[in-house]
Protein chains: 2
Amino acid sequence: MSEVDDFLKVAHAARESAAELAPLARAAKDAALRAVADALVARTGEIVEANALDVSAARENGTAETMIDRLRLDAARVAAIAGAVREVADLPDPVGEVVRGSTLPNGLELRQLRVPLGVVGIIYEGRPNVTVDAAALCLKSGNAVLLRGSSSAYRSNTALVQIMQDALGGTEVPAGAVQLVPGTTRESVKHLMRARGLVDVLIPRGGASLINSVVEESTVPVIETGVGNCHVYVDADADLDLAMEILLNAKTQRPSVCNAAETLLVHAAVAETFVPAALARLAAEGVTVHGDERVAAYDAAVVPATEDDFGQEYLSLDIAAAVVDSLEDAVAHIRRYGSAHTDAIVTRSQKAARRFVARVDSAAVAVNASTRFTDGGEFGFGAEIGISTQKLHARGPMGLPELTSTKWVYTGEGHLRTSSGTVIAGS
Amino acid sequence: MSEVDDFLKVAHAARESAAELAPLARAAKDAALRAVADALVARTGEIVEANALDVSAARENGTAETMIDRLRLDAARVAAIAGAVREVADLPDPVGEVVRGSTLPNGLELRQLRVPLGVVGIIYEGRPNVTVDAAALCLKSGNAVLLRGSSSAYRSNTALVQIMQDALGGTEVPAGAVQLVPGTTRESVKHLMRARGLVDVLIPRGGASLINSVVEESTVPVIETGVGNCHVYVDADADLDLAMEILLNAKTQRPSVCNAAETLLVHAAVAETFVPAALARLAAEGVTVHGDERVAAYDAAVVPATEDDFGQEYLSLDIAAAVVDSLEDAVAHIRRYGSAHTDAIVTRSQKAARRFVARVDSAAVAVNASTRFTDGGEFGFGAEIGISTQKLHARGPMGLPELTSTKWVYTGEGHLRTSSGTVIAGS
């Protein structure tokens, strides 16, 4: 059987399972998730064994140790993965929520209900825990899932998916609701991207190049996630001590994540005080500053910034920096170079905060707070499938409700529409 | 200047205008809409004159008179178009609505606000009133709009857009917020479909082939609208008189619209009573029935149905019909052949209604009511940009809120995220 046939087989299985899964009550889904968690713990040995093959292959390929650490599973990590599945089981079920409802003037009872999306495709890199996390969130929200992880984790993911399917076999949730896309070639990703009608949405989780290629090539609707070129703007009216702490927290607390700051913008009115102090503190924290001419003028250690620097998501101890002449210029800079993830203003001025919030067109805008708070967990969602940086469907951290669609239901007693209004048949 | 340069010029103008338009207060947008309505009425002569050129060109091309009637504008129609703009001005502004909000445990004030999408592209066929309707809905929701109407209405649309831009020139809404895509070639549509980053969403309004080509070719996110292969399912427990009235209303009250019924499914238990009666009534209304073998057995006038018939949106006095052995078979038929627009069940059974509603995966499900009620006006939205048959972002009739996205805003007083929880800087 060819690779595309293999793919279509699992995609059709997911689609059929989605139809069975969608109407299940919360109790059935939660029981299935707990069965999955139990099975993962019970079969830890198999998982660690399969993972060891991935790890040694990665080592032979000369993969960096930091990447190998992300790939590696041990009993403690498997237990943590199972624990996360139990936490998802404890979350409220978004399906069936009445989003809006009314009785229309003609007596029709109208309700808008939350329903599963159907089949969700996830394309991701690196850590195999995503395999289980994503599957748990999709099952909880009533969706079947097609998983396409990193080829370097294929043996681990195969074991994890097999264990999940086996566990589901003893529950009301169909085992086919969790599927691994077969194969590790680039082609296997393409099958997923062209599976319009079989897959309802694709969520790529990874670097900018992965996301851009999915957006370009997919005919399945895509939710873009996670590229964060986040800005901290220090306003003319900023409390500069606060600004310094927010800048350092946003840049250095965890530089490798999408809500870390990548660009500092400083209003010219406070540049002479703030910039030299910030350069010293950033240098002390090991951060390389890529500055425009006005920033570079303060310190020879500043690397001259190019256009590319302002558009970058470094994910490292680097930051671009520029001096701007006004709040409007800061907004224009963010609109031009930003990725519409999270941008922060530090200011004491209500007016400045109000204008910045109204004009910055990003998924999240922080006022006097670190950009690091843009996160499903921090927002109280309990779980997160990713952070959307697009405007359709979901924007910002995506929790369980963002994995659903809605359906309108209207109930009458023989309601007919005529050119002169509603008529009730037989009355 | 080449066509693509022409396109990019108007697209950039729309993008810049969108940034200016987004933060405007409701009063400014409403005043601009009223100025547009006044200008349309005042310059009716120009509109009718430009339209006359489109009409005579269409006539020379041998266009059918029904199509010419859709194209034609006179003073009364222009007045109606202006009236519709005033109605949009009277609707509530969706922008700025707080969708969700809370104070997080760490004291961060979190709000999710409704914001405009940015630049909305509309690709549509036929009637020039859509040019003004769509522009009014986009402006009201704070969006700039790129309009790509039928080439047969190009002169009319050019006049309408010019008049709208002139009217906006005297208001706070930037004139560039309403743009006609230049040119009438197929290529000009492609520029719009490839304008990712300049255009935030594309809404194709028209037939299935238009919509499919946009979905296939667009890199801009698309909201699919309007293809309706709607079903009426007559359950074993149906009140058959009610079923007959609902069937006839759904099929014949306005056959050319997307929420008209295209397929009848009858439970085998009532087929012998219902089908012959329905065939007689449908024939009396001039409806041609394309039936499966079990339906055809009742009447020689039934045209044998092919697979294609069950997948068709006739938009005419035709209907496909089949007998099914169970509610489950009806659901399976709808899932297989339907377009996920609107599907109705006629039944007295609570249990049957509940199962049908839970299992039919369509934008709208009607219980004991005609499919014709799936409509923004009937749902009380006051206006409708189209009916989405996809699951992402919007599903079913789309009003003003469906033309918006959201933005998260969080406000602190120096909130920093640390590995041990939130710390407030300087306190």
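None of these values were measured; they are calculated from a predicted model. (Residues numbered from 1 in each chain as written. Chains lettered and ligands numbered in written order. Predicted model: local features only at pLDDT ≥ 70, side-chain atom pairs only at ≥ 80, totals over all residues. Heavy atoms only, no water.)

A. Up close: the overall build of chain A. When helices and strands are counted, chain A shows 15 helices and 17 strands. Over its C-alpha atoms, taken along the principal directions, chain A stretches across nearly 75 × 70 × 35 Å. When the 427 residues of chain A are sorted by exposure, 57% land in the buried category. When contacts within chain A are restricted to residue pairs at least 6 apart in sequence, long-range pairs at least 24 apart make up 72% of them. Here chain A has roughly 16,000 Å² of accessible surface; of this, 50% comes from carbon and sulfur atoms. (Helix = DSSP H or I, 4+ residues; strand = E, 2+ residues; numbered from the N terminus. Buried < 20%, exposed > 50% of the residue type's maximum accessible area, 1.4 Å probe, protein only. Contact = heavy atoms within 4.5 Å. Areas by Shrake-Rupley, 256 points an atom, 1.4 Å probe, with all protein chains shown as cover.)

B. Highlighting the sheet that holds strand β6 (residues 201–205) of chain A. Residue and element names in this part refer to chain A. Reading across the sheet, the 4 strands line up as β5-β4-β3-β6 and stay open at both edges, with parallel pairing between neighbours. Looking at which strands have only one partner, the edges of the open sheet turn out to be β5 (178–180) and β6. The mean inter-strand angle of the sheet, taken between neighbouring strand axes irrespective of direction, is 20°. Here strand β3 (residues 119–124) pairs with strand β4 (residues 144–148) via 5 bridges, running parallel. Note on β4: the bridge partner recorded for Ile123 is Arg148. The strands touched by helix α1 (residues 3–21) within the sheet are β3, β4 and β5, with β4 carrying the most contacts at an inclination of about 150°. Along the sheet, helix α7 (residues 154–168) contacts β3, β4 and β5; its crossing angle with β5, the most-contacted strand, is approximately 155°. (Pairing = 2+ DSSP bridges. Axes fitted to C-alpha atoms, helices over the stretch in contact; angles between N-to-C directions.)

C. Quick look at the relation of the copies chain B and chain A. When chain B is fitted to chain A, the residual RMSD is 0.0 Å, and the transformation amounts to a turn of 180° plus an axial shift of 0.0 Å. What the rotation and shift describe, once combined, is the action of a two-fold rotation axis. For chain B, the minimum C-alpha distance to the rotation axis belongs to His393 of chain B and amounts to 1.7 Å. By residue overlap, the copies meet face to face through one surface: 100% of the interface positions of chain B are interface positions in chain A. (Least-squares fit on C-alpha atoms with pLDDT ≥ 70 in both.)

D. The packing of aromatic side chains, seen in detail. One pass over the structure, following the stated rule, counts 14 aromatic pairs over all chains. The interplanar angle of 50° and the centroid separation of 5.0 Å between the aromatic rings of Phe379 of chain A and Trp408 of chain B together place this pair among those described as tilted. In this pair, Phe379 of chain A sits in the loop between β13 (364–369) and β14 (386–388) while Trp408 of chain B sits in strand β16 (residues 404–418), so the two residues belong to two different chains. Just as Phe379 of chain A is buried, Trp408 of chain B falls in that class too. (Phe/Tyr/Trp six-rings, centres within 6.5 Å; stacked < 30°, edge-to-face > 60°.)

E. Structural detail: the pairing of strand β2 (residues 109–116) of chain B. All names here are of chain B. Burial within β2 is extensive, with 6 of its 8 residues counted as buried. In this structure, strand β1 (residues 98–103) lies alongside β2, joined through 5 bridges in antiparallel fashion. Bridge pairing in β2 links Val98 to Leu113. The turn linking β1 back onto β2 is made up of 5 residues, and Gly107 within it adopts a positive phi angle of 95°. Across 8 bridges, β2 lies against β16 in antiparallel orientation. Counted as the bridge partner of Leu110 is Tyr410 from β16.

F. Focus on the interface of chain B and chain A. With 75 residues of chain B in contact, the opposing surface of chain A contributes 75 residues. Both faces combined, the contact of chain B with chain A buries some 6,100 Å², and carbon together with sulfur accounts for 54% of it. Sorting the residues of chain B by area buried against chain A places Leu392, Tyr410 and Arg417 of chain B first, and these three jointly supply 15% of that buried surface. At the junction of chain B with chain A, the criterion picks out 12 salt bridges. Mapped by element, the contributors of at least two residues to the side of chain B that touches chain A are α1 (3–21), β2, α9 (208–217), α10 (240–252), α15 (350–359), β13 (364–369), β15 (396–398) and β16 of chain B. Looking at the side of chain B that touches chain A, the element that brings in the most residues is β16 of chain B, giving 14 residues. For the side of chain B that touches chain A, the residue count by class is 32 nonpolar, 23 polar and 20 charged. In this structure, β13 of chain A lies alongside β16 of chain B, joined through 5 bridges in parallel fashion. Across the sheet, residue Val367 of chain A finds its bridge partner in β16 of chain B, namely Thr411 of chain B. (Buried area = accessible area lost by both parts, 1.4 Å probe. Salt bridge = Lys/Arg side-chain N within 4 Å of Asp/Glu carboxyl O. Nonpolar A, V, L, I, M, F, W, Y, C, P; charged D, E, K, R; others polar.)

G. Highlighting unusual backbone geometry. Residue and element names in this part refer to chain B. Positive phi values are uncommon outside glycine, yet Leu315 reaches one of about 60°. With respect to the element layout, Leu315 can be found in the loop between α13 (307–310) and β11 (318–324). A residue is classified by how much of its surface remains accessible, and Leu315, at 36% relative accessible area, is partly exposed. The phi angle at His393 is positive, at roughly 70°, despite the residue not being glycine. Here His393 is to be found in the loop between β14 (386–388) and β15.

H. Spatial organisation of the nonpolar core. With 76 residues, the main nonpolar core has Leu40, Ile122, Leu146, Leu147, Val178 and Ile203 of chain A as its most contacted residues. The element best represented in this core is helix α6 (residues 129–140) of chain A, accounting for 8 residues. Those residues within four positions of Leu40 of chain A in sequence are excluded, and the remaining contacts are Ile47, Val78, Ile81, Ala82, Val85, Val132, Leu160 and Ile163 of chain A. Judged by nonpolar contacts, the second largest core, of 75 residues, contains Val10, Leu192, Ala195 and Ile223 of chain B. (Core = buried A, V, L, I, M, F, W, Y, C linked by side-chain atoms within 4.5 Å.)

I. How the structure looks around the domain arrangement of chain A. In terms of domain boundaries, chain A breaks down into domain 1 (3–224 + 390–408) and domain 2 (230–373). Taking the mean C-alpha position of each, domain 1 of chain A and domain 2 of chain A sit 35 Å from one another. (Domains from an automatic or database assignment.)

J. Highlighting α6 of chain A. All names here are of chain A. With 12 residues, α6 should cover 16 Å at 1.5 Å per step; its first-to-last C-alpha distance of 17 Å lies within 8% of that length. Of all the 12 residues making up α6, 10 are buried; the element is thus mostly covered by neighbouring parts of the structure. At the C-terminal side of α6, Gly142 shows a positive phi close to 80°. (Expected span 1.5 Å × (residues − 1).)

K. Focus on helix α3 (residues 44–60) of chain B. All names here are of chain B. A rise of 1.5 Å per residue sets the reference length of α3, with its 17 residues, at 24 Å; its end C-alpha atoms lie 24 Å apart and thus fit the reference within 8%. Of the positions making up α3, those classed as buried are Thr44, Ile47, Ala50, Asn51, Asp54, Val55 and Ala58. Angularly, the buried residues of α3 cover 145° about the axis, an arc narrow enough to put them on a single face. Away from the buried face of α3 by more than 90 degrees, exposed residues Glu49 and Glu60 are located. Check the buried side of α3 and you find it contacts α2 (26–42), α4 (65–71), α5 (75–90) and α7 (154–168). Downstream of α3 by one or two residues, Gly62 has phi in the positive range, about 75°. (Arc of directions from axis to C-beta.)

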